[in-house]
Amino acid sequence: MALLNVETKLATEYETIRRREYELISGLLDVFPKVDNLGESGMVQIRDAMFHADHPFLIVLVGPFNSGKSSIISALLGQEDILPIGPVPTTDKITILRWGEQPQRLSGADAADTLLYPAPLLQKVSLVDTPGLESIFKEHEQITRQFLHRADVVLLVMLATQAMTASNMEYLQQLKVYGKKVILVINQADLLTAEEAESVREYVLEQSQSRLGFRPDVWLVSARQGLAARRDGELDKIAWKASGLSRIEEYLDDQLNDVERLRQKLQTPLQITKNVNQSALAAIRNNQSALDQYQGITANIDQQLSAQKRDQEKMVRDLNAELTQRFTMIAERGNQAIQDIFRFGNALRTLWGGLLELIGLAGVLRRRGRSYIQSAFEHYKVFEPVDELSGISDRLAPRLEGKDIQDVDDLVKYARREIDALPEAIKSKVIGTVQSPLKYDRQALQEVRPRLELLETEARQVETERLDRTLRNSMFYLAAFELILVIFAVVSLGIQSDDIQSKILLLLFLLGLGVFALLYMPLRGRLLQSAYTGRILKLQGRYIDTLSKAADKQIEYGMRLRRDAIQPLTRLIEAQTQIQTEQLTKLQVADQEIVSIEAALAKFGKKGILG
């Protein structure tokens, strides 16, 4: 029961780690295809890692052609003709031997065939027979190397008579790069005496230590003796021990106990994933310089757009300054006209005009000529700066349009140069064409023209009409007041009285009132000047505000025109920046998860299971 409990805990722990690896690899399969310059080999490896944990422990046999790899496998499985053996290479495919209830060969679409066979050993381990590694068989060598990343353990098979040749030393050195457990298997040991076999072992260990810096496991075997020990369906244990092949079974039974085997099995896909993830991180970091260049392009474009917008806003400010100057001139000249009309020196004329208003003749005269205000405003040329307003404001549209078209053309030329300079892999991702717009929309500044004309008309007519009404009323009231004073004086003088002195004093008082009433006109004129200036300033604010809002719309349209023209480039940069940032984040998270799983693997099978 205790053993069953331990096995259950071990299986649960194994499945937990395996699930974490599966989810890790699944997530990376979505990331790796998007990493530029990662290479297809990385994708092949990570796809293999996805399924690696579901397979038994994997031992890959490599070595020169005719070194006895297939014979060793046949001896281990107890079937002499299970693999083809001949004096020349018989296949350019890898053969994976897995357990199956019935013998069956499954041809793979890639460089590997799967052979199912009901051998007890295959319930513990899958064996892989590879083509030769000789340089003359370049295709075989490439296939073998592509499959080495799948191995849990690599057996480098060499002949006893050719142990640690230069080529075998090179193979061992290359296998070391893969980070795999490598065991040297020296075949045809039956051709050597015991002393010669020990000498070969020591030679191999010395060469490996001196030239490669490590001492691998070295097993001397005889595939021929192993096959002989299994003939007729019976196993001659003494002969099998003598063949040396029992070391492989002992390795699986003794060295690779359940915990170690499962840990090694989990370690393999994790190591593959770690290697590919590191390659992907390296690829992204190498791509970072290109990304920095892309972001530099974006920053340059943003700076150009900001500078161009400032230039256009300055155009509007300069033009508004001209308009402000004209409104100031309108106010100044209008004040001069009002001051001239209401000055004390024109009192008699003003009084006469008021009398005409009283008797109704002023209206007849106005219909025949111009009003006082109109005459004065024309004299002081108040309407000249009003007439100049439309000419000034109308200059804005063509200026903004010309600047927009020129800037867009410059940006398009710049964007095309930058796209041409991009690497082909990135250039191919550009969607759309960088080009200048086919038409230009002036609607924002065209629509504002009628509203500006209304304000210009208001400056000409409404203000003069308001002043004219105020002036007529003032003249009317002045004439009426003076007439009342005259009537009162006449009535007072007509009264029979001997008090001459009182009459003189009354006449002087009435005369003083009349003079004081005439002084009211200049005072009234100053009040009208202040009110007129205020209204002109409000008109100025409305005029400039109306034009500025339309200009802002036109400027925003122009900026949008610029961005749209070069959008294929900026959109590419934004997408690449986002993709690369997301990729880097996901790979860094994956790297942390790999470290975490490695820590879990280090504890696997120890705490609470093996005691």
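Up top you'll find the structure we're talking about.
Positions within a chain are numbered from 1, following the residues in the order the chain's sequence is written. This being a predicted model, a pLDDT of at least 70 is required before a residue's local features are given, and a value of 80 or more before pairs of side-chain atoms are given or counted; all residues contribute to the totals for chains, interfaces and linings. Think of the side-chain values as coming from all heavy atoms in the structure, minus any hydrogens and water.

### Points about the pairing of strand β4 (residues 112–117)
Here's step 1: For the exposure calls, accessible area comes from a 1.4 Å probe over protein chains only, and a residue counts as buried if that area is under 20% of its type's maximum, exposed if over 50%, partly exposed in between. Put simply, DSSP H or I for four residues or longer makes a helix, DSSP E for two residues or longer makes a strand, and each gets a number counted from the N terminus. Burial of β4 is extensive: six of the six residues sit out of reach of the surface.
Here's step 2: Neither face of β4 is exposed, since Ala112, Thr114 and Leu116 on one face and Asp113, Leu115 and Tyr117 on the opposite face are all buried.
Here's step 3: Here a strand pair is declared whenever DSSP counts at least two bridges between the two strands. By the bridge criterion, three bridges tie strand β3 (residues 104–106) to β4 in an arrangement that is antiparallel. Each bridged residue has a counterpart across the sheet, and for Leu106 the counterpart in β4 is Thr114.

### Details of the side chain of Arg449
Here's step 1: Of note, Arg449 is situated in helix α18 (residues 449–494).
Here's step 2: Each polar contact in these results corresponds to two N or O atoms within 3.5 Å; when the atoms are within protein, one needs to be able to donate a hydrogen and the other to accept it, and residues that are neighboring in sequence are counted only if both atoms are side-chain atoms. Engagement of the side chain of Arg449 in a polar contact is seen with the side chain of Glu456, the distance being 2.6 Å.
Here's step 3: Residues contacting Arg449, with those up to four places away along its chain left out, are Ser390, Ser393, Asp394, Glu456 and Tyr543. Two residues form a contact once any of their heavy atoms are found within 4.5 Å.

### Some remarks on the packing of aromatic side chains
Working definition: an aromatic ring pair is given by the centre-to-centre distance plus the angle between the planes.
Here's step 1: Any Phe, Tyr or Trp ring, taking Trp's six-membered ring, that has another such ring centre within 6.5 Å forms a pair; planes under 30 degrees apart are called stacked, those over 60 apart edge-to-face, and the others tilted. A complete count under the given rule lists three aromatic pairs for this structure.
Here's step 2: Summarising the aromatic geometry, the rings of Trp219 and Tyr251 are spaced 5.6 Å apart at their centres and angled 65 degrees between planes, so their arrangement reads as edge-to-face. Taken together, the residues Trp219 in strand β8 (residues 217–220) and Tyr251 in helix α9 (residues 246–255) connect sequence positions 32 residues apart.
Here's step 3: Directly above the aromatic system of Trp240 lies the positively charged group of Arg230, at a separation of 4.3 Å from the ring centroid. Note on geometry: a ring has a charge over it if NZ (lysine) or CZ (arginine) is within 6 Å of the ring centre and within 35 degrees of the ring normal.

### A word on the pairing of strand β5 (residues 125–129)
Here's step 1: Counting buried residues in β5 gives five out of five residues, a clear majority hidden from the surface.
Here's step 2: The side-chain alternation of β5 yields two buried faces, one formed by Val125, Leu127 and Asp129 and the other by Ser126 and Val128.
Here's step 3: In the sheet, strand β1 (residues 57–62) pairs with β5 via five bridges, with the strands oriented parallel. When the bridges of β5 are listed, Leu58 appears paired with Ser126.

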